[in-house]
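# Per-entry structural report
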Amino acid sequence: DSSIKYILPKESNVVIKIYNILGKEIKSLIAQNQVAGNYSVQWDGTDNSGAPVSSGAYICKIKTENEIKSIKMIQLK
């Protein structure tokens, strides 16, 4: 499992998704309003249908009302 940590300086709607290197959405992890604070979310290496993804590079996008962050991740089997 990959742990994704993030900090919200103020309350915001948060959307966290995993994409493959071609930009196709693989997994939606969070889509909800959250209060300010420190957070951590787990990605278990599966796609939206629950199937395991192959080894390789993936992009985690964290969108809030104020910013978009992209994190490169490597999935190893």
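Structural notes, computed from the coordinates. (Residues numbered from 1 in each chain as written. Predicted model: local features only at pLDDT ≥ 70, side-chain atom pairs only at ≥ 80, totals over all residues. Heavy atoms only, no water.)

A separate point is the pairing of strand β3 (residues 25-34). Within a regular strand, the side chains alternate between the two sheet faces. Where strand β2 (residues 12-20) meets β3, eight bridges bridge the pair, whose relative direction is antiparallel. Residue pairing in the sheet places Tyr 19 in a bridge with Glu 25 of β3. In this structure, the hairpin formed by β2 and β3 is closed by a connection of four residues, where Gly 23 is found at a positive phi of approximately 95 degrees. (Pairing = 2+ DSSP bridges. Helix = DSSP H or I, 4+ residues; strand = E, 2+ residues; numbered from the N terminus.)

Quick look at the pattern of salt bridges now. Applying the stated rule across the entire model yields two salt bridges. Here Glu 25 and Lys 17 are joined by a salt bridge, their closest N and O atoms 3.2 Å apart. Under the relative-accessibility criterion, Glu 25 is labelled partly exposed at 31%. We note a salt bridge from Asp 44 to Lys 27, for which the minimum N-O separation is 3.9 Å. Here Lys 27 lies in strand β3 and Asp 44 lies in the loop between β4 (37-43) and β5 (56-63), a separation of 17 residues in the sequence. Judged by its relative accessible area of 44%, Asp 44 is partly exposed. (Salt bridge = Lys/Arg side-chain N within 4 Å of Asp/Glu carboxyl O. Buried < 20%, exposed > 50% of the residue type's maximum accessible area, 1.4 Å probe, protein only.)

A separate point is the packing of aromatic side chains. A full pass over the atoms with the stated rule returns two aromatic pairs. An angle of 15 degrees between the planes, with centres 5.4 Å apart, marks the rings of Tyr 6 and Tyr 39 as stacked. With Tyr 6 in strand β1 (residues 2-8) and Tyr 39 in strand β4, this residue pair connects regions lying 33 residues apart in the sequence. In this structure Tyr 6 comes out as buried when scored by relative accessible area, which is 8%. The class of Tyr 39 is partly exposed, set by a relative accessible area of 23%. With centroids separated by 5.5 Å and ring planes inclined at 65 degrees, the aromatic side chains of Trp 43 and Tyr 58 adopt a geometry described as edge-to-face. With Trp 43 in strand β4 and Tyr 58 in strand β5, the pair connects residues that are 15 residues apart, well separated along the chain. According to the relative accessible area criterion, Tyr 58 is buried, its value standing at 6%. (Phe/Tyr/Trp six-rings, centres within 6.5 Å; stacked < 30°, edge-to-face > 60°.)

Ordered in space as β3-β2-β5-β6, the four strands form an open sheet in which the pairing is antiparallel. The outermost strands of the open sheet, each flanked by one partner alone, are β3 and β6 (68-75). Each strand of the sheet is rotated relative to its neighbour by a mean of 15 degrees, with strand direction disregarded. Strand direction decides the pairing type here: β5 and β6, joined by eight bridges, are antiparallel. Bridge pairing links Lys 63 to Ile 68 in β6. (Axes fitted to C-alpha atoms, helices over the stretch in contact; angles between N-to-C directions.)

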